[in-house]
Every structure is written in C-alpha cells, then in structure tokens.
Amino acid sequence: MATDTKAFGTKAADAPLLEMTIERRAIGAKDIEIDILYCGVCHSDLHTARNDWGFTSYPAVPGHEIVGRVTGVGSEVTKLKVGDLAGVGCLVDSCHTCDSCKKDLEQYCLTGFIGTYNSPDKHLGGMTYGGYSEKVVVDEHFVLKVPTNLDLAAVAPLLCAGITTWSPLRHWKVTKGSKVAVVGLGGLGHMAIKLAKGLGAEVTLFSRTPDKEKDALDLGADAVIISTDDKQMQSVTGKFDVIIDTVPYVHDINPYIATLGISGTLVLVGYLGALEPMLQTVPMILGRKAVAGSVIGGIAETQEMLDFCGEHNIVSEIEIIKMQDINEAYERMLKSDVRYRFVIDMASLKA
C-alpha cells in the first residue's frame, strides 16, 4: 500500500515550490526505503521545475542528490540493511537487459533510463518524484553505499555533480601525470578539479576572470589560465590531454581546442544544445583532437566514485539551506551566488 509523504514541489512552471503531499510505494521484495537526510540542489532541478526543457510533467518534485538512512528493506535485498547510510543519484530504474545496461551503463539505457524525478513511474503510475521529500523507495540495484567517514551533507552533490565529472575522467583514462583542464568553476567545475587532482593529474582551471584564481588553487588546481587573455591562452597551446567543459550555456569552445595536445579530447558535460559559433575542424583534423559529450555515470561507476571519495576524503563545497528556502536558493543559483552547491537539510521539512 502506498503511503502519503511530505514533499516540496511545484504545480506549474511559473509557480513557486511549496509543501505538498505525494505517494511513495510500499516496499517490494527488492526495494530499499530511505529516510532522506540531505538532498543536493542541481541546476537540473531548477530547469525541470520551470519547464526550461519543455517536457516537465506537473506536479514536479525535484531532487536527485539524495543521502539518508535505510529504514526498510524488502525480503530479497542483500545490498544494505536497516540503519545503513545510503544514496540515490539521478537514476532509479532502467531496462536491465539492453547492451548498455549489461555493461553497467544504465545512464545510456537504450530504452531510456527512469530518472529519480519527472520520469514514468511504473509502480504507481504518473511520474517519479525526487528527493525534496521525507523518504524514497528505490530498487536496491540503484541504491548506493555511502562512506561513513565523510560529511554526509557534503556527499549529496557527489551523486550528480561528482559522477558527472568522474565518468569522463575515468573514460578518458585520466591518471597520475595526465594534464587536465576544467572550464568553469561551479558545482561541476569544483568537483572536476578535486577528482582530477585526486587521480593524480596536473589540473588547470580556465576562467574568464581572475577572481576565481584563489578558490581554484585552494581546491587543488595547479594553475589558472584566464581564457580572455590571448597571451595566457597561447602559453598552453597543445598542452592538455583532457578538458572537462562544465559551462552550462552556449559558448565558443574553439579557443580551448587549440590547447589540446595530440589526440586530446574536450568533453562537454554542462551544456545541452547547438554550438555557437560553429566548431572549426582544422585543428581537430591536424591534431586528431576530439569534442565529446558525457552524462552522469552508471551505478557501478558511481559506487566506484563514492568509494574513491571515501578513500581520499573528497566531498563537495556546500551551503546548507532549509527546504523552505528553496525558491530563494534557485534565484541565487541563477546568479552563481553559491559556493558551490546548495544542500537541503531535510530535517527542516520534517519539523
């Protein structure tokens, strides 16, 4: 039997997020129920709430950076037990049978993964509801084990911002001695710096202005290049093996292509849409350079990332807010007025 659960969501693109009641399904044989303690706030939450991508179904309850404690398990669950810490990221289901799923690449499920929110809910009908709520019930395959030594609130953004940058770093085989650059210092960019540095890479931040330099160095970057300074850009021509581009809006990536070494790759993780101005292919062809895209990671890879962060004491830089302050947080996020990720203390919803 489904149970009523307190949540925060919106009923229209132009409406604020307010308290509402949603249903959570009864615990099935392979399900884990999690009491949500913290939920990170992602730009995707805002885009979904405001229907910026044009496919939001209302009412919408965002949130896919979920950490909490297990309060119930189904009869066939072996992964976790009641009392354990647990996490849920951007995925709560997939087909399990396609080539992608069989390769632990559920994020590329060929029939379409089921997102933590705003995806078809095959259990209750309607759409899935996310982590801006008291609890969640998820198939154990999509539940993650959370390292017990880390600040739990600061773990939450690892489940989106962390894995979004970890996956390309791993796929393009970043390791000790790799030369990595990061474009943009926000929720994604600061995690890219921390994770690339943790992997042993030499890390450079590209920034349009010098005001991010101290922060970037404090986070572990080895250098900062001002992308609007031609002389500085020329000083890193042909240097980088991998560039992680986290900028979430249309921008010219051609100047960064010149800074890739032979066979280097620029990976877009922040921007969805057509590139403007057009991509110049001459330096790509003459240097076997590539422009690629990447999105989150599969469950196995996300668990690998969490384990790595536990071993290396890596977490996000966060500002904790109350659930009731989410609308103000969205406005601040649009102004990049956060260092570097909001995390909701869900105790504020349960009070």
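Conventions and cut-offs
- Residues numbered from 1 in each chain as written.
- Predicted model: local features only at pLDDT ≥ 70, side-chain atom pairs only at ≥ 80, totals over all residues.
- Heavy atoms only, no water.
- Helix = DSSP H or I, 4+ residues; strand = E, 2+ residues; numbered from the N terminus.
- Rg over C-alpha atoms; globule rule 2.2 N^0.38 Å.
- Buried < 20%, exposed > 50% of the residue type's maximum accessible area, 1.4 Å probe, protein only.
- Expected span 1.5 Å × (residues − 1).
- Contact = heavy atoms within 4.5 Å.
- Polar contact = N/O pair within 3.5 Å; in protein donor to acceptor, adjacent residues only side chain to side chain.
- Disulfide = S-S within 2.5 Å.
- Core = buried A, V, L, I, M, F, W, Y, C linked by side-chain atoms within 4.5 Å.
- Arc of directions from axis to C-beta.

*Asks:* An account of the overall build of the protein chain is needed here, citing residue identities and associated values.
*Replies:* A count of helical and extended segments in the protein chain gives 12 helices and 17 strands. Against the compact-globule benchmark of 20 Å for 351 residues, the protein chain has a radius of gyration of 20 Å, which places it among compact chains. In terms of principal-axis extent, the alpha carbons of the protein chain reach across some 65 × 40 × 35 Å. A total of 351 residues make up the protein chain; the buried ones form 55% of that total.

*Asks:* Account for helix H10 (residues 299–312), naming residues and giving values.
*Replies:* For H10, built from 14 residues, the straight-helix expectation of 20 Å at 1.5 Å per residue is met to within 8% by its first-to-last C-alpha distance of 20 Å. For H10, the complete set of buried residues consists of Ile299, Glu301, Thr302, Gln303, Met305, Leu306, Phe308, Cys309 and Gly310. Elements that come into contact with the buried residues of H10 comprise strand S6 (91–93), strand S9 (144–145), helix H3 (152–155), helix H4 (161–171) and helix H5 (187–198). Trailing H10 by a residue or two, Asn313 shows a phi angle of about 55°, which is positive.

*Asks:* Please give an account of the side chain of Ser133 that cites residues and values.
*Replies:* Within the secondary structure, Ser133 is located in the loop between strand S7 (114–115) and strand S8 (135–139). Ser133 gets classed as buried once you look at its relative accessible area, which sits at 0%. A polar contact of 3.3 Å, which involves the side chain of Ser133, links it to the backbone oxygen of Lys135. Those residues in contact with Ser133 that lie beyond four places of it in its chain are Thr5, Lys6, Ala7, Ile22, Arg24, Ile36, Met346 and Leu349.

*Asks:* Tell me about the state of the cysteines, and please be specific about residues and values.
*Replies:* Cysteine pairs can be covalently joined through their sulfur atoms, and such a bond is termed a disulfide. In this structure the tally under the stated criterion is 0 disulfides. Here Cys98 is not cross-linked by a disulfide; its sulfur's nearest cysteine counterpart is in Cys95, at 3.6 Å. Here Cys309 is not cross-linked by a disulfide; its sulfur's nearest cysteine counterpart is in Cys160, at 14 Å. Look at Cys309 and you get buried, because its relative accessible area is 0%.

*Asks:* Before we move on, could you go through the nonpolar core and cite the residues and values that matter?
*Replies:* Core analysis: the largest hydrophobic core is formed by 91 residues, its most contacted members being Tyr132, Ile193, Ile326 and Tyr330. Counting residues in each nonpolar core, the second largest holds 16 residues, with Phe206, Phe240, Ile253 and Leu268 among its members.

*Asks:* Describe helix H11 (residues 326–334), naming the residues involved and giving the relevant values.
*Replies:* All of the buried residues in H11 are Ile326, Ala329, Tyr330 and Met333. The buried residues of H11 occupy an angular sector of 105° when the element is viewed end-on, so they sit on one face. Lining the buried residues of H11 we find strand S1 (3–9), helix H1 (43–49), strand S16 (318–322) and strand S17 (341–345). Taken from the residues just after H11, Ser336 is the one with a positive phi, measuring 60°.

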